[in-house]
Amino acid sequence: MADAALRLQTLFEQLLGAPLPVRIRAWDGSQSGPPGAPTLVVRNRRALRRLLFKPGELGLARAWVAGDLDVEGDLYTALDLMAGLIWERGEDARTLVEALRDPEVRAAVRGLLRLAGPPLPPAPPPEEVRRARGHLHTKRSDRRAISHHYDVGNDFYELVLGPSMVYSCAYWPAPPADGGTLEDAQHDKLELVGRKLGLTPGQRLLDVGCGWGSMAVHAAREHGVHVVGVTLSHEQAAYARKRVADEGLTDRVEIRVQDYRDVADGPYDAISSIGMAEHVGAERYLEYATDLHKLLKPGGRLLNHQIARRPQRDESAYNVDEFIDAYVFPDGELAPVGTTVTQLERAGFEVRDVESIREHYALTLRRWVANLEAGWDAAAGRLVSAGRARVWRLYMAASALSFERNRIGVNQVLAVKTPDSGSSGLPLRARTWN
C-alpha cells in the first residue's frame, strides 16, 4: 500500500514541531496533508537524501533546482506558508542540535534515513557555485561572482525583464492595477533617478553597475548628459553598446568593462548606483563610498539604490542566505539602511534623502515571475538550463514575498558631496527634485 506521503508528513511534523501547512505527494503517488493547500511534490527518494545530507535551506534549494522537489498550486502561497512555519520563528526556533536531543526527533530522523534509501549524498546541481579559495570581494572574485549571475544569456534576461531591460525595482503608480505596465514603471524609476540627481544637459554622469545600459541611454536621451557606464559583465557591455549605437548616442555614452575601483577620470557631476552596492560587501563598503565621493565634483550628487535587510540584535550573527549565495548572487551581502547611511556619511557625503520603495519591488518581482512563467518552455532548456530557470522562479517569488512581508526593503539614498561653503544645491522643500 502506498503510504510514503503520510509517513513524510508525520516525520516532518515531528522534526518541525508543528503541523505541516502544505500537502505532500510522494513518488509512490500517495498524498497527505490539509485539503486545498498547495502540494509539495517529492518526486523521488533523492530529495530526502539531499535534505538529510545538507539539512536546512541549502538542501531544500538543491532538491528544488534539481527537480527532485516541486510545488503544485500557487507557489507564493506555498512559500508563504512554509516561511511562516520555519523562517519566521526567529529566536524561538529550535536549532538542529537542540532538536536532536528530543528522542522523538531522533526517531524521525532515523525514519527519514530508512525512507531515503541508500545513504549516498547526491552531487549538487551544476547550477550551484563552485567556490574558489581566497578572499571575498577582490577584483578577481567580484568578476567571477558577476559573471555567474549576469553572463547567463541576454535572451533569458529579455524574457524575464521585458523590453526595458532594467534589472532593479520599478516605480509604480498608485494604485498599480490601473493599467500600468512594467515598461512604464521602469521608465518612471529611471526618470526619478534623473530628477533626484538634477541632471542637466552637458553634465557628466557615472553609472556604476550599468547593466544593459538602460539608465545610461535614458540619461543621455532624456537629459542630454554625457554618460560613462561601467560593468564587470562582458555580455551586459556588448548588449548595452548595441543599444547605445541603435539610439544614435555613441557620442554621449561610453560603456566600459571596468571595476568601479579602477575609474580614474573624474570628476563627475553625478553618480548613479542602481542595484549594484549589494555586491560590494560589508568589508569593502566604506572603500566603495569613499571611491565614489572622490569621483564627484564638489556639489555633485550620488543616488544609491540598494536592497536592505532588517537589522539584527546581534549584527555579528548575520549570515548570508544560503540559497541566494549558492545559486543567485555569490558573495552578495545585505546591510540595514542605517548602516549604509552611516558608511556614506563616514566617506564624507551629506545624506539628504532616504526613500523606501519596498512595495514597488514586490510588484516588480511578481511581473518578472509572470514573464518567466509565460515563457517557461522557451526559458527552461533553450535559453538556460531547466535548473537555472527553476533557480530564478524560486528566487524571484520568494523575494517578492520577502518585500511584501517587510523582511527586506529597498531604498534610494540621495547623498551630496557638499562643499565647505555648506551649499548643497538642493531645493529647500524635500522631494522637489530639480
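Residue indices follow the written sequence of each chain, beginning from 1 at its first position. Totals for whole chains, interfaces and linings use all residues, but because this is a predicted model, local features are given only for residues with pLDDT of at least 70 and pairs of side-chain atoms are given and counted only at 80 or more. Side-chain measures were taken over the full set of non-hydrogen atoms in the model, leaving aside hydrogen atoms and water.

**Q** Requested: an account of the nonpolar core, with residues and values cited.
**A** By nonpolar core is meant a set of buried Ala, Val, Leu, Ile, Met, Phe, Trp, Tyr and Cys residues that side-chain atoms within 4.5 Å join together. Note on classification: 1.4 Å probe, protein chains only; a residue is buried when its accessible area is under 20% of the maximum for its type, exposed when over 50%, partly exposed between these limits. Core analysis: the largest hydrophobic core is formed by 52 residues, its most contacted members being Tyr167, Phe323, Tyr327, Trp368, Trp392 and Met396. Contributing elements (two or more residues each) for this core: α3 (57-66), α4 (75-85), α8 (154-161), α9 (182-197), α13 (322-327), α15 (358-374), α17 (386-404) and β11 (408-416). The helix count covers DSSP runs of H or I at least four residues long, the strand count covers runs of E at least two residues long, and both are numbered beginning at the N terminus. Ranked by residues supplied to this core, first place goes to α17 with 10 residues. Membership of the second largest hydrophobic core comes to 26 residues, among which are Leu199, Met215, Ala216 and Ala240.

**Q** Run through the confidence of the model for the protein, naming residues and quoting values.
**A** Per-residue confidence from the predictor is reported as pLDDT, which spans 0 to 100. Chain-level pLDDT for the protein is 89 on average; 90% of the residues reach the 70-or-more range. In this description, contact between two residues means that some pair of their heavy atoms is separated by no more than 4.5 Å. In this model residues 88-94 is a low-confidence stretch, pLDDT under 50, and it forms 14 contacts with partners more than four residues away in sequence or in other chains.

**Q** Go over the sheet that holds strand β4 (residues 69-72) with me, naming the residues and quoting the values.
**A** The four strands lie next to each other as β2-β1-β3-β4, forming an open sheet whose pairing is mixed. The sheet is open, and its two borders are formed by β2 (31-32) and β4, each paired with just one other strand. The criterion for strand pairing is that DSSP finds at least two bridges linking the strands in question. Looking at chain direction, strand β1 (residues 23-25) and strand β3 (residues 39-42) are connected through three bridges and run parallel. Bridge pairing links Arg25 to Val41 in β3.

**Q** Before we move on, can you summarise the pattern of salt bridges with the specific residues and values?
**A** A pairing counts as a salt bridge when a side-chain nitrogen of Lys or Arg comes within 4 Å of a carboxyl oxygen of Asp or Glu. Tallying each qualifying case throughout the model produces 23 salt bridges. Salt-bridge contacts for Arg43 lead to Asp70; the nearest nitrogen and oxygen are separated by 2.8 Å. Remark: Asp70 occurs in strand β4 and Arg43 occurs in the loop between β3 and α2 (46-53); sequence separation between them is 27 residues. The class for Arg43 is partly exposed, based on a relative accessible area of 41%. Here Arg407 makes a salt bridge to Asp80, at a shortest N to O gap of 3.8 Å. A residue pair is termed long-range when its members are at least 10 positions apart, and Arg407 in the loop between α17 and β11 and Asp80 in helix α4 qualify at 327 residues.

**Q** Account for unusual backbone geometry, naming residues and giving values.
**A** Pro267 follows Gly266 through a cis peptide bond whose omega is 5°. For Pro267, the position within the fold is in the loop between β7 (253-257) and β8 (268-274). With a phi angle near 50°, Met165 is a residue other than glycine that sits in the positive phi range. On the secondary structure map, Met165 appears in the loop between α8 and α9. Within the chain, Asn406 stands out as a residue other than glycine whose phi angle is a positive 60°. Looking at where Asn406 falls in the secondary structure, it is placed in the loop between α17 and β11.

**Q** Describe the packing of aromatic side chains, naming the residues involved and giving the relevant values.
**A** Ring pairs are drawn from Phe, Tyr and Trp, using the six-membered ring of Trp, whenever the two centres fall within 6.5 Å, and their geometry is named by plane angle: stacked under 30 degrees, edge-to-face over 60, tilted for the rest. If you walk through the whole model with that rule in mind, you get 15 aromatic pairs. Ring plane angle 50° and centroid distance 5.8 Å describe the contact between Tyr167 and Trp392, whose orientation is recorded as tilted. With Tyr167 in the loop between α8 and α9 and Trp392 in helix α17, the pair connects residues that are 225 residues apart, well separated along the chain. A residue is classified by how much of its surface remains accessible, and Trp392, at 4% relative accessible area, is buried. Ring centres of Phe323 and Tyr327 lie 5.9 Å apart, and the angle between their planes is 35°; this geometry places the pair in the tilted category. One end of the pair is Phe323 and the other is Tyr327, both in helix α13 and four residues apart, which spans about a single turn.

**Q** Residue-level account of α3, with values.
**A** In terms of burial, α3 is a largely internal element, seven of the 10 residues being buried. Buried within α3 we find Leu58, Gly59, Ala61, Arg62, Ala63, Trp64 and Val65. Once α3 finishes, Gly67 follows within two positions and takes phi at roughly 85°, a positive value.

**Q** Now, about the packing of α9 against helix α10 (residues 214-223): what can you tell me, with residues and values included?
**A** Taken N-terminus to C-terminus, the directions of α9 and α10 make an angle of 65°; their axes are 10 Å apart at the nearest point. With respect to α10, the axis of α9 lies roughly perpendicular. Here α9 and α10 pass one another in a crossing that is right-handed. Here α9 contributes His187, Leu190, Glu191, Val193 and Gly194 to the contact with α10, which in turn contributes Ser214, Met215, His218, Glu222 and His223. Here the nonpolar group is Ala, Val, Leu, Ile, Met, Phe, Trp, Tyr, Cys and Pro; Asp, Glu, Lys and Arg are the charged ones; every other residue, Gly included, is treated as polar. Split by residue class, the contact of α9 with α10 holds three nonpolar, five polar and two charged. Angles run from 0 to 180 degrees between N-to-C directions of axes, and those axes are lines fitted to C-alpha atoms, restricted for helices to the stretch in contact. Orientation labels follow simple angle bins: below 35 degrees gives roughly parallel, above 145 gives roughly antiparallel, 65 to 115 gives roughly perpendicular, and whatever is left gives oblique. Crossing handedness is defined as follows: a turn of the near helix away from the far one that is anticlockwise and smaller than a right angle gives a left-handed crossing, while the clockwise case is right-handed.

**Q** Help me get a handle on the sheet that holds strand β10 (residues 350-356), residues and values and all.
**A** Reading across from one edge, β7-β6-β5-β8-β9-β11-β10 is the order of the seven strands in this open sheet, with mixed pairing throughout. Sheet topology places β7 and β10 at the edges, where each strand pairs with a single neighbour. Strand-to-strand twist across the sheet, computed as the mean angle between neighbouring axes with direction ignored, equals 15°. The strands touched by α9 are β5 (204-208), β8, β9 (296-309), β10 and β11; relative to β9, the strand with the most contacts, the crossing angle is about 145°. Here helix α11 (residues 234-246) sits on the sheet in contact with β6 (226-231) and β7, set at roughly 165° to β7.

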